[in-house]
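Spelled out from the first residue to the last, the chains are:
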Amino acid sequence: MIPAPFDYVRPASLDEACQVLGEAASSGDDVKVLAGGQSLLPLLRLRLAYPSALVDLGRLPELRGVEDRGDHVFIGALTTHDEVLRSGVVRERIPLVALATATVADPAVRHRGTFGGSMAHADPAGDLPAVALALDCVFVVRSGEGEREIPAAEFFVDYLESALEPGEVLIGVKVPALGPGWGFHYEKFHRTAQAWAIVGVAAAVRRSNGTIEEARIGLTNMGSTPVRARAVEAAIRGVSIAAAGSNGAHDPVRDACAGADEGTSPPSDLHAQPDYRRHLARVLTHRAIGVAGR
Ligand code: FAD
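These numbers were taken from a predicted model, which means no experiment stands behind them. (Residues numbered from 1 in each chain as written. Predicted model: local features only at pLDDT ≥ 70, side-chain atom pairs only at ≥ 80, totals over all residues. Heavy atoms only, no water.)

Caption draft 1: Representation of unusual backbone geometry. For Arg-47, which is not glycine, the phi torsion reads 60 degrees and is therefore positive. Counting through the fold element by element, Arg-47 comes out in the loop between α2 (40-45) and β3 (53-56). On the accessibility criterion, Arg-47 (39% relative accessible area) is partly exposed. Here Ala-122, not a glycine, exhibits a phi torsion of approximately 55 degrees, which is positive. The exposure class assigned to Ala-122 is buried, which follows from its relative accessible area of 1%. (Helix = DSSP H or I, 4+ residues; strand = E, 2+ residues; numbered from the N terminus. Buried < 20%, exposed > 50% of the residue type's maximum accessible area, 1.4 Å probe, protein only.)

Listed below in structure tokens is the structure:
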């Protein structure tokens, strides 16, 4: 289909982008930021969105790149999935981001789609929001009023709805670099390679002397936002890692993962019913912890 008509603006600086977006916000115009266009353009074509103008961030190199800042890695919002994957800093310092990004779509989408776009779009079926939630990332946002930071736990508000206010641009994400002792895994169940997650699990596990000391689990596609599996995180603390992933009669890790779907409200769609997704959440969380805690 052909999108409804819209104006197109390509600012030459972040200040100009904030000014355009600020003016649109105060006059109540529905203006959308355009990044890689991989999610927004299909919505326009299907006429599920019909903004009066698009503000294309494509000429703002300051929003691009990966920077190691010691206790965290800063990923510019406009950094493409492909650039994230090619970054040695990402692979070494924040491997969970690399593991999840490698499962996003196909090379063509990964060359256009951006890290910030995936977050701002706030699709609970996207692989990266669950990672941001599990790692307690911090979102850095700019508007004409200045800069503010939003913790991941407050950023994903509802289905396709983030905490970004009209007039605000996501400029980047601070991803905490968890230290030695942590292991990571992203487990994604999808119908075909390169497809969206039916359910996904992002796991970070800290172990010491064969015991799980701390775990952080983010679930993909188990509700209207990504969800943190807090019940599993609590139940798994102090459990012997030797048992993780075992198929023996008594597996305390599996017992802990029985609560993986607690507090979730998984969707029903062409691919799966809620009960099946709940089952997947339990099985995939068990698997993810087994690999991350190895
Ligand atoms: P856009 O489409 O340009 O924008 C998306 C939304 O975010 C818009 O509302 C826009 O206004 C807003 N936005 C973007 N950047 C900013 C910013 N800096 N500040 C404020 N608002 C902003 N994703 C997965 O996670 N897993 C998959 O398996 C997967 N499969 C896909 C398969 C296909 C065929 C396609 C087309 C997409 C797939 N995606 C998948 C989505 C892909 O990851 C997109 O990159 C992502 O959803 C949006 O990024 P974008 O840069 O294209 O954003």
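So that's the structure; there's more coming.
Caption draft 2: Fine view of the environment of Asp-127. Among the structural elements, Asp-127 can be located in helix α8 (residues 127-134). Since its relative accessible area comes to 5%, Asp-127 is described here as buried. In the structure, Asp-127 is positioned 74 residues away from Val-201 in sequence and 8.7 Å away in space, judged by C-alpha atoms. Within the structure, the side chain of Asp-127 is placed 2.6 Å from the side chain of Tyr-186, a separation counted as a polar contact. Polar side-chain contacts of Asp-127 include one of 2.8 Å to the side chain of Lys-188. (Polar contact = N/O pair within 3.5 Å; in protein donor to acceptor, adjacent residues only side chain to side chain.)

Caption draft 3: View of the side chain of Asp-82. Examined against the element boundaries, Asp-82 turns out to sit in helix α3 (residues 81-86). Taking the relative accessible area as the measure of exposure, Asp-82 reaches 13% and is therefore buried.

Caption draft 4: Summary view of helix α1 (residues 14-26). Between the first and last C-alpha of α1 there are 18 Å, a value that for 13 residues agrees with the 18 Å anticipated at 1.5 Å per step. Restricting attention to buried positions, one finds in α1 the residues Leu-14, Ala-17, Cys-18, Leu-21 and Ala-24. Along the long axis of α1, the arc covered by the buried residues comes to 130 degrees, so they all point the same way. In α1, the exposed residues that point more than 90 degrees away from the buried face are Asp-15 and Ser-26. Check the buried side of α1 and you find it contacts β2 (31-34), β3, β6 (138-143) and β10 (169-176). One or two steps after α1, the chain reaches Gly-28, where phi turns positive at roughly 75 degrees. (Expected span 1.5 Å × (residues − 1). Arc of directions from axis to C-beta. Contact = heavy atoms within 4.5 Å.)

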